[in-house]
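What follows is each chain in one-letter form.
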Amino acid sequence: MYPRSALESIRLFHDELTAIRRDLHAHPELGFEEVRTSGIVAGGLAALGIEVHRGIGKTGVVGVIRGKQCDSGRMIGLRADMDALPMTEDNHFGHRSTKDGLMHGCGHDGHTTMLLGAARYLAQTRNFDGTAVLIFQPAEEGRGGAKAMMEDGLFDTFPCDAIYALHNWPGLPPGTVGINPGPMMAAADRFEIVINGRGGHGAHPYQTIDPVVVAGHLITALQTIVSRNVNPLDSAVLSIGSMQAGHPGAMSVIPREAKLVGTVRTFRKTVQELLEKRMTELASSIAGAFGATAEVHYERIYPATLNTPQHANLVADIATEMIGRENVVRDLVPSMGSEDFSFMLQARPGAYFRLGQGGAESGCTLHNSHFDFNDAVIPLGSAMFCALAERGMPLPE
């Protein structure tokens with residue numbers, strides 16, 4: 001079958017792909033700064049005779065591979081992210097980061113490499129009727145690279161009929177694939193609540209309106225939204241990550257202002273709207289009860305990552321043929337993390353799936369300073385990309 005032959009073929013140049021992956025790991029670049037990385041990608045694609053488009057979404061790269069036939073007019077998009085994280089690596093192997101404070105702590109070096117591996121196989125074989133669009137995306141980590149590519153006309157220039165992406169997953173063993181036919185990752189929202197009171201001397205609090213006291217009551221009240229307003233059959237998270245008020249050196253000064261910053265995670269739009277509404281109501285009413293005022297600034301950053309059932313089932317079917325039913329999880333539990341591939345899935349049907357890489361059992365999870373992508377899974381990830389193109393655009397029999 002196509003998938004198995006792709007897997008075996010890619011294993012023949014596994015060592016070359018491993019070398020590329022480790023080079024990328026040693027030279028991490030932040031979102032929209034992937035100049036070296038995008039250069040390696042573009043150069044590698046061009047060397048394979050693949051049509052290359054650069055500068056889509058600033059540092060984004062797109063490779064276009066036409067099949068043996070293009071009569072069907074079909075077009076399948078395959079996406080990998082390229083950016084690193086602003087964190088210090090604590091590994092000590094030979095390919096550790098050469099840049100202080102930068103690290104490939106989420107495995108995007110592996111994702112880029114796997115799509116390059118798929119490019120090599122697809123360019124050599126072209127066993128499909130249509131066009132494969134290889135999308136090397138910048139700035140997934142909080143900077144909205146997917147949206148930037150779309151705003152630069154990604155799907156206008158390359159009107160994909162379906163789009164696919166994968167992410168390594170330490171919580172699954174190597175050689176496994178996980179997916180579900182619905183939500184894979186949550187929407188990510190950011191909120192900031194500014195509480196305005198009246199400052200004064202800490203020895204005379206009766207002359208003030210203390211925003212710190214208001215913040216304390218509000219922190220507790222906000223946690224009741226999920227427990228008392230959201231249907232228990234729905235999923236939601238409201239976390240406050242920062243509280244700022246006063247100065248650590250001013251023990252006797254009650255500040256005029258306090259600020260709370262945090263995140264909301266949801267899967268359903270109705271739940272997202274409920275949390276924003278209740279947060280605004282609680283902030284206003286609790287602040288008012290103490291004579292203060294509160295302003296809520298709510299920003300919707302990434303939408304939920306929602307798979308199309310038809311395309312998710314195709315991923316699962318291909319993986320089952322490739323690695324066996326026992327190594328495929330078809331009802332993977334969604335994550336409350338977020339992913340900007342969600343923007344692409346809003347514009348085109350498709351699927352986002354997990355590629356098991358292990359490591360969670362030893363604490364080597366995503367965004368951990370000891371994280372490293374598992375090179376052993378490169379051929380499987382590449383072969384999955386290839387099979388999605390071949391199965392999505394089959395040659396006529």
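This structure is a prediction, so every number in the text was calculated from the model and none was measured. (Residues numbered from 1 in each chain as written. Predicted model: local features only at pLDDT ≥ 70, side-chain atom pairs only at ≥ 80, totals over all residues. Heavy atoms only, no water.)

(A) Spotlight on the domain arrangement of the protein. Assigned domains within the protein: domain 1 (6-185 + 304-392) and domain 2 (187-302). Here domain 1 and domain 2 have C-alpha centroids that lie 38 Å from each other. Across the boundary between the two partners, domain 1 contributes 18 residues, which contact ten residues of domain 2. Between domain 1 and domain 2 lies a buried interface of about 920 Å² when both sides are counted; carbon and sulfur atoms form 68% of it. Taken as a group, A304, M336 and S338 account for 59% of the area that domain 1 buries against domain 2, more than any other trio of residues on that side. Summed over the shared surface of domain 1 and domain 2, the result is zero salt bridges. (Domains from an automatic or database assignment. Contact = heavy atoms within 4.5 Å. Buried area = accessible area lost by both parts, 1.4 Å probe. Salt bridge = Lys/Arg side-chain N within 4 Å of Asp/Glu carboxyl O.)

(B) Structural context of the packing of helix α2 (residues 14-26) against helix α4 (residues 108-125). Closest axis-to-axis distance for the α2/α4 pair is 9 Å, and the angle between their directions is 145°. For α2 against α4, the interelement crossing comes out right-handed. Judged by residue contacts, E16, L17, I20, R21, L24 and H25 of α2 engage D109, G110, T112, T113, L116, G117 and R120 from α4. (Axes fitted to C-alpha atoms, helices over the stretch in contact; angles between N-to-C directions. Helix = DSSP H or I, 4+ residues; strand = E, 2+ residues; numbered from the N terminus. Left-handed = near helix turned anticlockwise from the far one by under 90°.)

(C) Seen up close, the side chain of T37. Counting through the fold element by element, T37 comes out in helix α3 (residues 35-47). Residue classification places T37 among the buried positions, given a relative accessible area of 1%. (Buried < 20%, exposed > 50% of the residue type's maximum accessible area, 1.4 Å probe, protein only.)

(D) Region of interest: the pairing of strand β5 (residues 162-169). Among the eight residues in β5, seven count as buried, and that is most of the element. Across seven bridges, β5 lies against strand β16 (residues 350-356) in parallel orientation. Counterpart to L166 in the pairing with β16 is F353. (Pairing = 2+ DSSP bridges.)

(E) Examining the environment of T266 more closely. Note on placement: T266 falls in strand β12 (residues 257-266). Between the alpha carbons of T266 and G44 there is a distance of 39 Å; along the sequence they are 222 residues apart. Look past the residues within four positions of T266 in its chain and what remains in contact with it is A186, A187, S235, A236, V271, Q272, A304 and M336.

(F) Inspection of the sheet that holds β12 at higher detail. Spatially, the four strands line up as an open sheet ordered β10-β12-β8-β13, and their pairing is antiparallel. Taken across any chain shown, the strands that pair with only one partner, and hence form the sheet edges, are β10 (236-245) and β13 (293-302). Across the sheet, the mean angle separating the axes of adjacent strands is 20° when strand polarity is ignored. Where strand β8 (residues 187-196) meets β13, nine bridges bridge the pair, whose relative direction is antiparallel. Looking across to β13, one finds that E192 is bridged to H297. Along the sheet, helix α7 (residues 211-229) makes contact with β8, β10 and β12, crossing β10 at roughly 170°.

(G) The packing of aromatic side chains, seen in detail. A complete count under the given rule lists two aromatic pairs for this structure. Summarising the aromatic geometry, the rings of Y302 and F343 are spaced 5.7 Å apart at their centres and angled 85° between planes, so their arrangement reads as edge-to-face. Taken together, the residues Y302 in strand β13 and F343 in helix α10 (residues 341-347) connect sequence positions 41 residues apart. Exposure class is identical for Y302 and F343. Each is buried. Lying over the aromatic face of W169, R354 brings its terminal NZ or CZ to 3.6 Å of the ring centre. (Phe/Tyr/Trp six-rings, centres within 6.5 Å; stacked < 30°, edge-to-face > 60°. Lys NZ or Arg CZ within 6 Å of the ring centre and 35° of its normal.)

(H) Up close: α4. In this model, α4 (18 residues) spans 26 Å end to end at C-alpha, consistent with the 26 Å of a helix rising 1.5 Å per residue. Where burial is concerned, most of α4 is hidden: 16 out of the 18 residues are buried. The first or second residue beyond α4 is R126, which carries a positive phi of 50°. (Expected span 1.5 Å × (residues − 1).)

(I) View of the pattern of salt bridges. Taken as a whole and assessed by the stated rule, the structure comprises 19 salt bridges. Salt-bridge contacts for R66 lead to E51; the nearest nitrogen and oxygen are separated by 2.8 Å. Placement of R66 in strand β2 (residues 61-66) and of E51 in strand β1 (residues 51-54) is noted, with a sequence separation of 15 residues between them. Classification of R66 by relative accessible area gives partly exposed; the value is 41%. Since its relative accessible area comes to 31%, E51 is described here as partly exposed. Between D340 and R79 there is a salt bridge whose closest N-O contact spans 3.1 Å. In this pair, D340 sits in the loop between β15 (328-329) and α10 while R79 sits in strand β3 (residues 75-81), placing the two residues 261 residues apart along the sequence.

(J) Just the environment of D71, in detail. Of note, D71 is situated in the loop between β2 and β3. Residues D71 and P396 lie 325 residues apart in sequence; the distance between their C-alpha atoms is 9.8 Å. Here Q69 takes part through its side chain, which lies 3.2 Å from a polar atom of the side chain of D71. (Polar contact = N/O pair within 3.5 Å; in protein donor to acceptor, adjacent residues only side chain to side chain.)

(K) The UniProt feature "binding site: Mn(2+)" (unreviewed entry) in the protein, seen in detail. As recorded in UniProt, the feature "binding site: Mn(2+)" (unreviewed entry) lies at C106, H108, E141, H167 and H367. A maximum C-alpha distance of 13.2 Å places the annotated residues, which cover 262 residues in sequence, within one compact spot. Following the sequence through the fold, H108 ends up in helix α4. Residue classification places H108 among the buried residues on the basis of a relative accessible area of 0%. Once residues lying within four places of it in the same chain are set aside, the contact partners of H108 are D81, M82, D83, E140, E141 and H167. (UniProt positions renumbered as here; feature names shortened; annotations may be inferred.)

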